[in-house]
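A look at the structure
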Amino acid sequence: MTRTSHTAATVIAASALAAWIVSVTRMRGMDMGPGTDLGGLGWFLGIWVTMMAAMMLPSAMPMVLLFGHVAARQTASRGVLGPTAVFVAGYLGVWTAFGIVAFGLARLVRDLEPGFVAGHGRLVAGAAIVTAGLYQVTALKRLCLRHCRSPLAFLVGHWRDGGLGAIAMGAAHGAYCVGCCTGLMLILFALGVMSLPWMAVVAALVFAEKVLPAGDRLSPLIAVGLVALGLWVAVQP
């Protein structure tokens with residue numbers, strides 16, 4: 001790894017750590033379980049983007065670093081931080097869009113049936129966890145995970161030059177990441193999107209699937225565990 005790559009890795013790691021610190025500071029004591037009020041859109045997006053930076057940047061680091069290295073070579077430049085920052089902006093932009101959609105759906109459910117989630121919290125949470133488990137073994141999950149675990153293949157198939165290319169590639173990688181992690185994110189919204197413990201659990205699962213050498217083999221095991229957990233949550237008094 002070159003000195004500039006070391007610098008980029010340090011910046012990404014420091015950004016993820018800072019996002020975790022901010023998340024812990026702002027979300028401590030806010031875990032209210034299913035039906036948690038998400039507040040206003042602006043406040044929620046501030047929390048959401050911080051959460052995504054904390055949870056997703058560590059697992060995205062191999063892709064981000066490889067992009068920065070290739071971008072620097074393509075432009076005959078030693079600087080990687082500029083293109084890397086643009087790539088990450090595109091990546092987090094997709095997760096921001098996901099948060100907006102999730103916020104809208106959550107508000108729609110609350111408006112249509114104001115007391116349903118609160119009155120049937122364990123059933124809703126259990127069903128969501130089972131759904132997340134089943135999603136783990138779908139073809140879409142496998143496709144997106146394969147792209148997330150193959151940085152070089154992704155860059156070869158999606159390379160675009162320039163700043164617009166960097167943000168487009170970041171967005172494309174973000175889209176695959178959303179497809180890979182949608183089921184796991186459902187757990188957060190089911191069990192309390194402001195839950196720091198569940199945030200840590202989901203982040204650990206995402207990292208394991210994307211980065212560990214045999215991470216792609218973990219998906220069926222995670223699926224079994226989530227289905228069992230969901231059924232247990234649903235039948236608890």
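From a predicted model like this one, the values you see are computed outputs, not experimental measurements. (Residues numbered from 1 in each chain as written. Predicted model: local features only at pLDDT ≥ 70, side-chain atom pairs only at ≥ 80, totals over all residues. Heavy atoms only, no water.)

Thoughts on the overall build of the protein
For the protein, the helix and strand inventory stands at 10 helices and zero strands. Written out in order from the N terminus, the α and β elements of the protein read α-α-α-α-α-α-α-α-α-α. In the protein, which comprises 237 residues, the share counted as buried stands at 43%. The contacts of the protein with a sequence gap of at least 6 include a subset with a gap of at least 24, amounting to 83%. As presented, the protein carries roughly 11,300 Å² of accessible surface, and 71% of it is formed by carbon and sulfur atoms. (Helix = DSSP H or I, 4+ residues; strand = E, 2+ residues; numbered from the N terminus. Buried < 20%, exposed > 50% of the residue type's maximum accessible area, 1.4 Å probe, protein only. Contact = heavy atoms within 4.5 Å. Areas by Shrake-Rupley, 256 points an atom, 1.4 Å probe, with all protein chains shown as cover.)

Focus: helix H2 (residues 41–74)
Along its 34 residues, H2 runs just 39 Å from first to last C-alpha, ending more than 12% under the 50 Å computed at 1.5 Å per residue. Where H2 bends most, at Ala60, the angle is about 60°, and the proline Pro62 comes one to four residues later. (Expected span 1.5 Å × (residues − 1). Bend = angle between axes of the 7 residues up to and from the residue.)

Quick look at the side chain of Thr84
Topologically, Thr84 is positioned in helix H3 (residues 81–112). Apart from residues no more than four positions distant in its own chain, Thr84 is found in contact with Ile12, Val64, Phe67 and Gly68.

Things to note about the environment of Leu123
Tracing the chain through its elements places Leu123 in helix H5 (residues 121–135). Assessed through its relative accessible area of 41%, Leu123 is described here as partly exposed. Considering only alpha carbons, one finds Leu123 and Val235, 112 residues apart in sequence, at a separation of 7.6 Å.

Let's talk about the pattern of salt bridges
This model, assessed by the stated rule, comprises two salt bridges. Residue Asp216 pairs with Arg149 through a salt bridge whose shortest N-O separation is 3.9 Å. Placement of Asp216 in the loop between helix H9 (196–211) and helix H10 (218–235) and of Arg149 in the loop between helix H6 (139–148) and helix H7 (151–158) is noted, with a sequence separation of 67 residues between them. Residue class for Asp216 comes out partly exposed when judged on its relative accessible area of 40%. (Salt bridge = Lys/Arg side-chain N within 4 Å of Asp/Glu carboxyl O.)

Let's talk about the environment of Leu45
Residue position: Leu45 is located in helix H2. The class of Leu45 is buried, set by a relative accessible area of 18%. Setting aside anything within four residues of it in sequence, one finds Leu45 in contact with Thr96 and Ile100.

Considering the confidence of the model for the protein
Across the protein, pLDDT averages 85, with 87% of residues at or above 70. Ranking the elements of the protein by mean pLDDT puts helix H4 (residues 116–119) last, at 58, and H6 first, at 94. (pLDDT = per-residue confidence, 0-100.)

Description of the packing of aromatic side chains
For the structure shown, the criterion picks out seven aromatic pairs. Both rings, one in Phe67 and one in Trp159, keep their centres 5.6 Å apart while their planes meet at 35°; by these two values the pair is tilted. Note that Phe67 is positioned in helix H2 and Trp159 in the loop between H7 and helix H8 (162–191), a separation of 92 residues in sequence. Owing to a relative accessible area of 21%, Trp159 belongs among the partly exposed residues under this scheme. (Phe/Tyr/Trp six-rings, centres within 6.5 Å; stacked < 30°, edge-to-face > 60°.)

With respect to the packing of H9 against H10
Their axes nearest at 10 Å, the elements H9 and H10 cross at an angle of 155°. By the angle class used here, H9 and H10 are roughly antiparallel. For the crossing formed where H9 meets H10, the hand is left-handed. When H9 is examined against H10, the residues Trp198, Leu205, Ala208 and Glu209 are found in contact with a partner set consisting of Leu218, Ser219, Ile222 and Leu229. Taken together, the residues of the contact of H9 with H10 break down into six nonpolar, one polar and one charged. (Axes fitted to C-alpha atoms, helices over the stretch in contact; angles between N-to-C directions. Parallel < 35°, antiparallel > 145°, perpendicular 65-115°, else oblique. Left-handed = near helix turned anticlockwise from the far one by under 90°. Nonpolar A, V, L, I, M, F, W, Y, C, P; charged D, E, K, R; others polar.)

Re the nonpolar core
Core analysis: the largest hydrophobic core is formed by 62 residues, its most contacted members being Met51, Met52, Met55, Met56, Trp95 and Met185. No other element matches the 18 residues that H2 contributes to this core. Beyond its immediate chain neighbours, meaning those up to four positions away, Met52 contacts Leu57, Leu92, Trp95 and Met185. (Core = buried A, V, L, I, M, F, W, Y, C linked by side-chain atoms within 4.5 Å.)

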